[in-house]
Amino acid sequence: MAQVAITLNVNGRNQTTLAEPREILADVLRDRLGLTGTHLGCEHGVCGACTVLLDGEMVRSCLLFAVQAQGAEITTIEGLEENGELHPMQKAFSEYHGLQCGFCTPGMILAGIDLLKRNPDPTAEEVRDDMGGNVCRCTGYQKIVESVLGAAREMNEVTS
Amino acid sequence: MTTTEWIGARAPRREDPALIRGRGRYVADINLPGTLHMAILRSPMGHASINSIDASEARTMDGVHMVITPDDIPDHITQFPVVWRLPGQKDSGIPALAEGKVRYVGEPVAAVVADSRYAAEDALDAIDVDYETLDPVTDPEAALEEGAPVINEDWGDNVAIHHVFAGYNALGECHYDAEAFDNAEVTVRGRLKIGRHSGIPLETRGIVADWDEIHGRLTVHSESQVAHLFRTELAASLGLPETAVRVLTPNMGGGFGNKWDRYPEDLLVSIASMELGRPVKWIADRREGLMSTVHGRAQVQEWEMALQSDGTILGLRGKVINDLGAHLHSVGIGPAWVTGAAAPNQYKIANYYCNVIAAATNKTPASTFRGFGGPEGIFGAERMMDKAAKRLGMDPAEIRRKNMIQPDQFPWFNAAGAVYDSGNFPACLEKALEAADYDRVRAEQKELREQGVYRGIGISSYIHVSGFGPSPILGYLSYYTGGYEGSTVKVDPNGKATVYTGMIPMGQGTETTLAQVAAHHLGIDMADVRVVWGDTDQTPYTGFGSAGSRSNVAAVAVIRAVEEIKAKAVRIGAGMLEADAEDLEYADGMVSVKGAEEMRSVSLAQVAQQAYWAHALPEGDQPFLEATYVYDPPNFTTASGCHVVVLDVDTNTGRITFRNYVIVDDCGPVINPLLVEGQIHGGVAQALGGALLEEFVYDDEGQLLTTSFMDYLLPSFTDVPDMEIHHVVTPSPHTDGGFKGMGEAGTFPPGAAVANAVTDALSHLGVEADELPITPSRLWSLIQEATR
Amino acid sequence: MKPAAFEYHAPESVDDAVGLLSGHEDAKVLAGGQSLVPMMSFRLARPAGIVDINGISDLDYIRCEDGVVRIGATARQSALEESGEVTGCAPLLAEATGHVGHRAIRNRGTLAGSLAHNDPASEYPAVLMALGASVTAVSSGGSRVLSVEDLAGGHFLSTALGSDELITEVSVPAQSGGHGFAEFSRRHGDFAVAGVAAVVSMNGSGVESASIAAFGGTSPARLDEAETALVGSDGGSSAVAEAAARAASQFPATDDIHGSADYRRALIDVLTRQALQQAIAGAQEV
């Protein structure tokens, strides 16, 4: 199949790769750019494991052809650490045991960050409502909710 | 944390730093140079014979390297065996591809290996299979009827086994008394159904096989929960010496038992890699994951309970029909057997009888799934307790109190052959009732009902026979593997320790747990312990691996290996300190003269150095400071507990809303409370899925209707309530540390607790929630029938 | 689950887009892709060509002009949630949007795309019917305006659009009166098992007008019998109950694994009551 050149700005770096137009963004990130932190759990947009930020907005990378992201800025889980410092959401997931197998975790962390961007001080109920598009099979969600609330407290302390 | 008291600490997980950075390494992340990709052509029909397969076009397509049809499989390749082969059980195996006929939707028919998964799927479209439809059978009871279509011709019928629990306990005593049922003041009957569902790890199955022609070595990157047994079986099926096979298990994205089994694709990628001389990778997509990874739980149960009018149980007997699916899988009918063994639950039931029948149906094989038949047995027991209470006009808590095995009655020999080692069942019940404020909620329930709010309270007590298991007993049960767990602990010349385990971490924090145990007993910092797992070339053999809630078994192996190291450290230390070994003790990573710890002591590192220099070793001791201990537990450990759920039912829509969820768990002493809470939360959520949402639905033709996450519904954030966890601690009397298995217990009681609560909420209508999942539509129909 | 190959086109103008569609018998328009891409991954859809309209920058707008909210074909659903035009002029549309999938889906999904896909369990077609909305469809032969009722009503996973037509705009007349929205889904964010959207206006003597539409059946449906029962009534509980009963009987219910037709009718009854109560309360405030 004919491949096309696709340039993406991933985690702050421009990268160009060849891919067929039918290749979904998640496959290109994982298999062509080696960013395997973005996971595929369903490939039909239900589980949220493949969540990435596209031009700052949370999207499912399994529901997008990579060619559609031509020229876009993409943030994956690998791009959250800044100067060796973890994002507070990453720290909170570990501190509050918000992960077990870790497969949903990259998507969960990105969804949590996106939530706090829109609602910096959510209630537990708001976390559950907003993050319902991400499925976890291990934790029963309670400690994920605690993680997001913990990260919110931490981030609000820093900004206030 | 500066402590050596690691056991009991909420130690953060050492698995986390990689996983929160997206630096975990799962099978799908492994891209070896030259990797080819496999896609599988699966049966679109429930039951059909295969007249022919024409793959000629697919073989010539661009990017296609190989097409595997049954004719392409070398003759010496054999099926994977069934591991648990109870006497009287039909024989079958797990073939690489369907042989002459397909028996379920999703059964592999052919495979394509191509440059990319995209290209491989393109070629699947070009394979032409000529099927001839056969009559399907999808209902397990219909499958048992005379004249039903036979799925496995060599069986003669669809009965995989008819196993009878005739009331014998482990002492060989039998108290089954049919007359007691005839003469009882009260008998209560129930017919219960549990829907087909499964573990559905968020990471699907996947495997990479890499054949090295020069060295004659097959390296397999797999998510097997039991890598060593997998190695044994894979080598045998491929006709390779076992030394030729190495199984590596990287991070696993959840297993839940489903990844304990062997699968056709394991053979297919291996065959392809050996033929092509290149790495071959297959990752299940979600659709094929739902149709080809083992299902579980599906049962029809019929029970009869005999009681005195005061609520004393005189006997329990019943029939369990297990919807097995098309053929036996790795564990045979094991889960259904466990259902029969678990159903007496926490109660003094000596008069017991249970027929367990496994029926083949044109569905995906049912096999290993977290809880392994136990949750099904608890569902039966606890629904029957509530039915009996209702009949007698007793409070559901009271009837449980009245019949519970008391703390001074252990070991308890249950009437299905299980031996409960310890527990305090009444304490768990009372604590749960107190935490749920049971009396107040009962009082409120009446008032709310008058306002049109239908609130229900459901109790479910449970036992979980965990920590599989004593190898001789597994032999007695014709379970062809061992139940021991080994551990090698090595202290390096600088005094840091490495633990080697055959256990496979699948998310439950095994690495952290075993590091805690080793650090605690060595008296050193947890950071100074490394845990090696996931490589059959390095780790001790295990026939069981991660299944059956057995981190507790692995923990004892670590403790005992550490004890041997400490004893050797004392012997070496004696020479260094010029003292008698009897005058020395090992504590906090130091060997010291008792009473003079400040003055005369040497550190583990100093001892280790001597152990490797070997300049002056005690007589009879070899260099190195390491030990291997293989622990074969003398008995199972019995975890137990009680859940109390409070919920509201909207009678207009059948919607259930949780109001409270209380858990009391007794898994003995807790190694890491953080991890134990996580395991319980996750187990409960998974069971609530099966209780309310999850079901594999087949139509009468055997077509699977739930092949996406739009149809097979996993619980999400708003479907799982906040849970309140309390502990009762009854140490196992026979394991070091008293630890009991706990990874599965959360899955045991929720089904019954929810069904009991729903039934309680609708008691004014006489609705009995006897079928899981209790979907809104199903519950609405029950309410309609009751009010008609 | 990897899509079959296709020719990819990224036109930069509507003219180019409809030109591509007219030249391509088997081409599909790709807007948000939140339904199309999974169907392609399952290989349930195998278009030979994809016309990606996301690069047509002048289709990304939400405006309120002359009492009509105009929403361009590539405006994201999440933009509707945050748009003052939508919350001000068509609050029903804003409220319903919160029930469409999850945030990550709404960040890509479009209103026009949802209409063109016309999943019968989707909120938008029914909501837009209740609002009396219409679409502008453009082809190389020109453009036409269709009501959403004509576009989507009676259709199942298809519409009255020709394969060469592209929806460029959805126009929603400013909502007059109170609105109600109620749906029942298995889980938060799922497609609905059943749902009802309503707009009701009141005058001094009672219900002046009512517009009620439902989803979750064989196709999105305007429930005119329920409307008739309600209009002219006092909007009290017995009128609402009568309207709800008619809604349930008129609703084109269907069986699937999430519920029987009978169950869906019962839900429509309950949901119609909820939606009408909300709408009437809102209309009385107006």
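Some points on unusual backbone geometry
The residue after Phe410 of chain B, namely Pro411 of chain B, is reached through a cis peptide bond having omega -5°. Inspection of the secondary structure puts Pro411 of chain B in the loop between helix 11 (396-403) and strand 16 (412-413). Omega for the bond connecting Leu772 of chain B with Pro773 of chain B falls within 30 degrees of zero, at -5°, which places this linkage in the cis form. Here Pro773 of chain B is to be found in the loop between strand 29 (771-772) and helix 20 (776-787). Within the chain, Asn11 of chain A stands out as a residue other than glycine whose phi angle is a positive 50°. Tracing the chain through its elements places Asn11 of chain A in the loop between strand 1 (4-10) and strand 2 (13-19). Despite not being glycine, Asn83 of chain A shows a phi value in the positive range, around 50°. Within the secondary structure layout, Asn83 of chain A lies in the loop between strand 5 (73-75) and helix 2 (88-95). Looking at Asn83 of chain A, the relative accessible area reads 82%, which means it is exposed.

A look at the sheet that holds strand 21 (residues 529-532) of chain B
Residues and elements named next belong to chain B. One open sheet holds the four strands; their spatial order is 21-20-19-25, and the pairing between them is mixed. If you trace the sheet from one side to the other, it starts and ends with strand 21 and strand 25 (625-631), each paired once. Mean inter-strand twist for the sheet, computed between neighbouring axes without regard to direction, equals 15°. Direction of pairing for strand 20 (residues 497-501) relative to strand 21: parallel, over a ladder of four bridges. Paired with Ala497 across the two strands is Val529, which belongs to strand 21. In this fold helix 16 (residues 551-577) packs onto strand 19 (485-491), strand 20 and strand 25, with an angle of close to 145° to the strand it touches most, strand 25. Where helix 17 (residues 604-613) meets the sheet, its contacts fall on strand 19 and strand 25, and the angle it forms with strand 25 comes to roughly 95°.

Considerations on the domain arrangement of chain A
Residues and elements named next belong to chain A. Taken domain by domain, chain A comprises domain 1 (4-79) and domain 2 (88-159). Taking the mean C-alpha position of each, domain 1 and domain 2 sit 22 Å from one another. At the junction of the two partners, domain 1 supplies 17 residues and domain 2 supplies 14 residues. A combined buried area of about 1,200 Å² lies between domain 1 and domain 2, and 60% of that area is made up of carbon and sulfur atoms. On the domain 1 side of the contact with domain 2, His39, Met58 and Ile77 bury the most area, a combined 42% of that side's loss. Applying the counting criterion to the domain 1 and domain 2 interface returns zero salt bridges. One can count five residue pairs in polar contact (both at pLDDT 80 or more) joining domain 1 with domain 2. Breaking the side of domain 1 that touches domain 2 down by element, the ones donating at least two residues are strand 3 (51-54) and strand 4 (57-60). The element that contributes the greatest number of residues to the side of domain 1 that touches domain 2 is strand 3, accounting for three residues. For the side of domain 1 that touches domain 2, the class distribution of residues is eight nonpolar, eight polar and one charged.

Analysis parameters
- Residues numbered from 1 in each chain as written.
- Chains lettered and ligands numbered in written order.
- Predicted model: local features only at pLDDT ≥ 70, side-chain atom pairs only at ≥ 80, totals over all residues.
- Heavy atoms only, no water.
- Helix = DSSP H or I, 4+ residues; strand = E, 2+ residues; numbered from the N terminus.
- Buried < 20%, exposed > 50% of the residue type's maximum accessible area, 1.4 Å probe, protein only.
- Pairing = 2+ DSSP bridges.
- Axes fitted to C-alpha atoms, helices over the stretch in contact; angles between N-to-C directions.
- Contact = heavy atoms within 4.5 Å.
- Domains from an automatic or database assignment.
- Buried area = accessible area lost by both parts, 1.4 Å probe.
- Salt bridge = Lys/Arg side-chain N within 4 Å of Asp/Glu carboxyl O.
- Polar contact = N/O pair within 3.5 Å; in protein donor to acceptor, adjacent residues only side chain to side chain.
- Nonpolar A, V, L, I, M, F, W, Y, C, P; charged D, E, K, R; others polar.

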